[in-house]
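Structural features, examined
Below are the chains, spelled out letter by letter.
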Amino acid sequence: MTANGDGNQRITAAIGNAREAGRPAIAAFITAGFPSTEHFEGLLASTAAEADLVEVGVPFSDPMADGLTIQRSSRTALQHGTTLPWILETVAGQADDPPTAPVLLMSYLNPIMAHGFERFAADAARARVAGLIVPDLPLEESDPLRAELDPVGIALVQLVTPATPTDRLKQVCAASRGFVYAVTMKGTTGASVDAAAVGDYLAQVREVSPVPVLAGFGVRTASDVARLGRYADGVIVGSALVEAIEEGMDPGEFVRSLRGEEHKP
Amino acid sequence: MIESRAGAGTSGATLEDLIAGRLPDERGRFGEFGGRFVPETLMPALGLLEHGAREALDDAAFRDSYAAQLRDWIGRPTPLTRAERLSEAWGAHLWLKREDLAHTGAHKINNAIGQALLARRMGANRVIAETGAGQHGVASAAACSRLGLPCTVYMGEVDAARQRPNVQRMKLLGAEVVQVTSGDRTLRAAIDEALRDWVSDPEGTYYLLGSAVGPHPYPWLVRELQAVIGIEARDGMIRATGSLPDGVVACVGGGSNAIGLFHPFLADAEVELLGIEAGGSGTGLGEHAATASHGSPGVLHGSRSLLLQDPYGQVRDTHSVSAGLDYPGVGPEHSFLAEIGRVRYEAVGDGEAVAALEECAAAEGIIPALESAHALAGAKRWARERPGAVILLGLSGRGDKDLGILDGLREAGGLVA
């Protein structure tokens, strides 16, 4: 398989389908093993049935790019014994009939490194993981991992931020597979965002990026989704969804509410 | 213990590369260790910091102002003291490099004033720092106060409780102290929290990292600013004894005082270098913080280095009676030196360290920090192996901050050595 292999195609198709339906794609982040390993499987299925893409967060002991919500869910998941092999097994065991949203993993580098890049690529491909996002892996350090993921068609998604200079923005977008994760602000996950202020930035990313652009960090409500959706191909919702799960809400229902749809009885 | 291996690490980089200044390389690597593993938001800021630091250290005017602060404010050069009675008791010739006599009571100030000067030169609005034992926090607070920069210090609440006098000192020096309640609530969580702060304002905030860890250029920058310890000590030994010591011993948490002391001796092949880590209460995971002795390669806090981690890449909780050594990582230059066998790393337990502290206080009239006491215990052990050896020991700081811990241990019935 080439760099444009299976996972990339499933991701771009999912984003394309949302666009054809006249709405921004929604990538929904849930922490693996949270609130417990038993409950997670059901939450994953519910999320995958409603979202366009699912990001499964691999909990890490030192989540330096995350705000309080994801720190809390990660710590709980680790206390329940969540590991990367368990996550891969759980994702692999997901029913795919009817077809559900492609799954990406979001992981800090160290758990992937401990698993081994080559072994991760093989195990993740077997689990039909479509892509991988690594928040502490900048472009300069990303070649060895991408070299393992490209041949098995897993998209290594790169991140850009408002602090990324123009020249660098082009390089990062050119290297990104599946989509570009455009962080909408400085800071950690979970804060709120002023959508109007990020319009120019997202337009600039979209102009240089050969792949779709998804806006993340600070997406909390249906109106955030609608406003950011005017400038990007889709949005990523993380902390707000994890908070909804903490409150006992069904994640699929929360994703529907982000689209502005009424609760189904 | 890592056996002495001559030559290159797995990456092909050699000790000669390090001595000649070819490491860290352009990617910030010491062989396979180091690099820059951080969120994209910090990449431009780290690029600017590297550029600014190189420019400053190449600028004679900057070096002069740094040298003047070291001399007039910190009180450098610090003395080299012959430890008469410990030498006699241990059957060795023990010399102490007295960083405990540097202003604010530890080596941390050498780095803090250097980076604070850099922060001012680079136009930062505010400075943030992390601290474990509180010595780096106090040093940062003092340096920022001296240069008129606002300073915020992140400190784990476990550490803040066990090093309370340093919290009071930081506040008196005008710093805001933020107690970190996330993660393991020690140094490691404080670094996580300082990084989160920096990610929120990478342009206006200067992150004054206190150890030789973190993403490039920090391990290099901190070593350059701490190398004054080794340069002074090497000159001092030659002047006092007419030759180089047989061994140089320092404690290693993240490893800033050790790298500063060791670096100027790397080319002296006949000088044995010994890094002492915290052996805590045992050799099981979670019972110690002896990273170079028991760790495996991984990525934490922005660089690839040796780490204490489980098989799934989760960083382990550590234990040490010494807050300054209680850290699951170690600087990338130390990992490289361990790999190529130029430095030998050993662990000293809580009990041995406390005993060495008490012995030094009784014999020399010097109360060393618990961190430095680990080095003393390591030197004592080494002296038994090499009777009559000349040993240079980095006494990295003073122990006043540890009196509360010692009282607590006494009340709890002491420690088993």
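A few words on the domain arrangement of chain B. Residues and elements named next belong to chain B. Splitting chain B by domain gives domain 1 (30-70 + 108-218) and domain 2 (75-106 + 226-411). Just the C-alpha atoms count here: the centres of domain 1 and domain 2 sit 22 Å apart. Facing 38 residues of domain 1, the contacting portion of domain 2 comprises 38 residues. Sorting the residues of the side of domain 1 that touches domain 2 by element identifies strand E2 (33-34), helix H5 (108-121), helix H6 (135-147), helix H7 (157-162), helix H8 (164-172) and helix H9 (187-200) as the ones contributing at least two each.

Attention now goes to the sheet that holds strand E3 (residues 103-107) of chain A. Residue and element names in this part refer to chain A. An order of E5-E4-E3-E2-E1-E9-E8-E7-E6 is seen for the nine strands of this open sheet, with the pairing classed as parallel. What marks the edges here is a single partner per strand, and that holds for strand E5 (155-157) and strand E6 (159-160). Inspection of the sheet shows strand E2 (residues 53-58) paired to E3 by five bridges, in the parallel sense. Within E3, the residue paired with Val58 across the bridge is Ser107. Against the sheet, helix H4 (residues 84-92) touches E2, E3 and strand E4 (129-133), its axis set at about 155 degrees to E2.

A few words on the pairing of strand E14 (residues 390-395) of chain B. Residue and element names in this part refer to chain B. Summarising burial for E14: five of the six residues are buried, a large majority. Looking at chain direction, strand E4 (residues 93-98) and E14 are connected through six bridges and run parallel. Note on E14: the bridge partner recorded for Leu96 is Leu393. Strand direction decides the pairing type here: strand E9 (residues 247-251) and E14, joined by three bridges, are parallel. Within the sheet, the bridge partner assigned to Val249 lies in E14 and is Leu393.

Residues and elements named next belong to chain B. The strand order across the open sheet built from four strands is E7-E6-E5-E8, with neighbouring strands paired in parallel fashion. Both edges of this open sheet fall to strand E7 (176-180) and strand E8 (205-207), since each of them pairs with a single strand only. If you compare each strand with its neighbour and ignore which way they point, the axes differ by 25 degrees on average. Sheet topology note: the strand E5 (residues 126-131)/E8 ladder contains three bridges and is parallel.

On to the interface of chain A and chain B, then. Frequently, the measure chosen for interface size is the accessible area removed from exposure when the parts meet. Each partner contributes residues to the interface: chain A has 30 residues there, and chain B has 29 residues. Listing elements by their share of the side of chain A that touches chain B, those giving two or more residues are helix H3 (68-79), helix H5 (109-115) and E6 of chain A. In the side of chain A that touches chain B, the residues fall into 17 nonpolar, eight polar and five charged.

Moving on: the packing of H5 of chain B against helix H10 (residues 218-241) of chain B. Residues and elements named next belong to chain B. Axis separation between H5 and H10 bottoms out at 8 Å; the angle between their running directions is 130 degrees. Our classification of the angle between H5 and H10 gives oblique. For the crossing formed where H5 meets H10, the hand is right-handed. Residues Asn110, Asn111, Gly114 and Gln115 of H5 form the contact with H10, whose own contacting residues are Val222, Leu225, Gln226, Val228 and Ile229. Class assignment of the residues belonging to the contact of H5 with H10 gives a composition of four nonpolar, five polar and no charged.

Let's shift gears to unusual backbone geometry. Cis geometry marks the peptide bond from Arg76 of chain B to Pro77 of chain B, where omega comes out at 0 degrees. As for its placement among the helices and strands, Pro77 of chain B is situated in the loop between helix H3 (60-74) and strand E3 (80-82). In the segment running from His216 of chain B into Pro217 of chain B, the intervening peptide bond is cis, with an omega of 15 degrees. Not every positive phi belongs to a glycine, and Arg128 of chain A is a case in point at roughly 60 degrees. Looking at where Arg128 of chain A falls in the secondary structure, it is placed in the loop between helix H6 (117-126) and E4. One non-glycine residue, His301 of chain B, lies in positive phi territory at about 50 degrees. Take His301 of chain B: it is sitting in the loop between strand E11 (296-300) and strand E12 (303-307). For His301 of chain B, a count of 28 C-beta atoms within 10 Å gives the class buried.

Ranked by size, the top nonpolar core spans 229 residues in total, and within it Ala182 and Leu214 of chain A together with Val127 and Leu393 of chain B carry the most contacts. In this structure, this core is formed jointly by two domains, domain 1 (30-70 + 108-218) and domain 2 (75-106 + 226-411) of chain B, each of which donates at least three residues. Not counting the four nearest positions on each side in its chain, Val127 of chain B is found in contact with Ala116, Ala119, Ser140, Cys144, Leu149, Pro150, Cys151, Tyr206 and Leu208 of chain B.

Conventions we followed
Residues numbered from 1 in each chain as written. Chains lettered and ligands numbered in written order. Predicted model: local features only at pLDDT ≥ 70, side-chain atom pairs only at ≥ 80, totals over all residues. Domains from an automatic or database assignment. Contact = placed C-beta atoms within 7 Å. Helix = DSSP H or I, 4+ residues; strand = E, 2+ residues; numbered from the N terminus. Pairing = 2+ DSSP bridges. Axes fitted to C-alpha atoms, helices over the stretch in contact; angles between N-to-C directions. Buried ≥ 20, exposed ≤ 12 C-beta atoms within 10 Å, placed from the backbone. Nonpolar A, V, L, I, M, F, W, Y, C, P; charged D, E, K, R; others polar. Parallel < 35°, antiparallel > 145°, perpendicular 65-115°, else oblique. Left-handed = near helix turned anticlockwise from the far one by under 90°. Core = buried A, V, L, I, M, F, W, Y, C linked by C-beta atoms within 7 Å.

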